[in-house]
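Commentary on secondary and tertiary structure
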Amino acid sequence: MDLLDFDAGPLYFDDPIAPEVTALINEASKLYPEPETEALLLRAEELAPRHLEVIVALYRYYFYQNRLDAADLIADKALAISGEGIGYPTDWRELTVEQVKTGLESAATAARFWLLSLKAKAVLALRQQRIDDALAMLGTLADVDERDRLGVRPLIEVAQIRASGNIVAVDFTAHSI
């Protein structure tokens, strides 16, 4: 299926968010990488724990701080929240092509966000040398993205090379939610 063949709907950052939460995220971005940044983002999460703008801000903070375990937990939260409204399973291993199609038909931008969140988890797994996990996630994405609109095939190649014991340097910063 072609993941770019959809009618755009609301994006995660189009959802209403309290001005106080926006102010916290903006202040955190100005202070980055100072230690106060995390406290501001965690306060934003307290106020809007299910808002994907907050989730993305937290994920990026942890990712760029190289706190990969924390980023992985946030990516799980992104999958859970974005998957709820479109009927995606809580366990990505249970995702079927039919569910992806249905999700894209009912809420295309939420479905793409979910798929990009899974890609972000795969990148984290690669960075943590959890190659089998990365390959499994990337394989799921490749199964539902026949035209590789999400760009997972190059990551699969990297994971396969790493699985063979060779070292490959990759800039993973472009593979974030």
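Everything quoted here is computed from the prediction, not taken from an experiment. (Residues numbered from 1 in each chain as written. Predicted model: local features only at pLDDT ≥ 70, side-chain atom pairs only at ≥ 80, totals over all residues. Heavy atoms only, no water.)

We now examine the overall build of the protein. Across its full length, the protein carries 7 helices and 0 strands. Going from N to C terminus, the protein has its helices and strands arranged as α-α-α-α-α-α-α. When the 177 residues of the protein are sorted by exposure, 45% land in the buried category. Within the protein, counting contacts between residues at least 6 apart in sequence, those at least 24 apart form 60% of the total. Carbon and sulfur atoms make up 51% of the accessible area of the protein, which totals about 9000 Å². (Helix = DSSP H or I, 4+ residues; strand = E, 2+ residues; numbered from the N terminus. Buried < 20%, exposed > 50% of the residue type's maximum accessible area, 1.4 Å probe, protein only. Contact = heavy atoms within 4.5 Å. Areas by Shrake-Rupley, 256 points an atom, 1.4 Å probe, with all protein chains shown as cover.)

Here we take up the pattern of salt bridges. Summed over the entire model, instances satisfying the criterion amount to 9 salt bridges. A salt bridge links Arg-43 to Glu-20; the nearest nitrogen and oxygen atoms lie 4.0 Å apart. With Arg-43 in helix 2 (residues 36–47) and Glu-20 in helix 1 (residues 19–31), the pair connects residues that are 23 residues apart, well separated along the chain. Since its relative accessible area comes to 44%, Glu-20 is described here as partly exposed. The residue Arg-130 makes a salt bridge to Asp-133 at a minimum N-O spacing of 2.8 Å. In the salt-bridge network here, residues are joined through shared partners; they are Glu-20, Arg-43 and Glu-46. (Salt bridge = Lys/Arg side-chain N within 4 Å of Asp/Glu carboxyl O.)

So, about the side chain of Asp-72. Examined against the element boundaries, Asp-72 turns out to sit in helix 4 (residues 68–84). In this view, Asp-72 contacts Lys-121, Leu-124 and Arg-130; residues no more than four positions away in its chain are not counted.

Once that is clear, we can look at the side chain of Thr-37. For Thr-37, the position within the fold is in helix 2. On the basis of relative accessibility, which here comes to 2%, the residue Thr-37 falls in the buried class. Not counting residues within four places of it along the chain, the set of residues in contact with Thr-37 comprises Ala-28, Leu-31, Tyr-32 and Tyr-61.

With that settled, consider the nonpolar core. Counting 55 residues, the largest nonpolar core has Tyr-59, Trp-114 and Leu-115 as its most contacted members. For this core, the secondary structure elements donating two or more residues are helix 1, helix 2, helix 3 (52–64), helix 4, helix 5 (97–127), helix 6 (131–144) and helix 7 (153–163). (Core = buried A, V, L, I, M, F, W, Y, C linked by side-chain atoms within 4.5 Å.)

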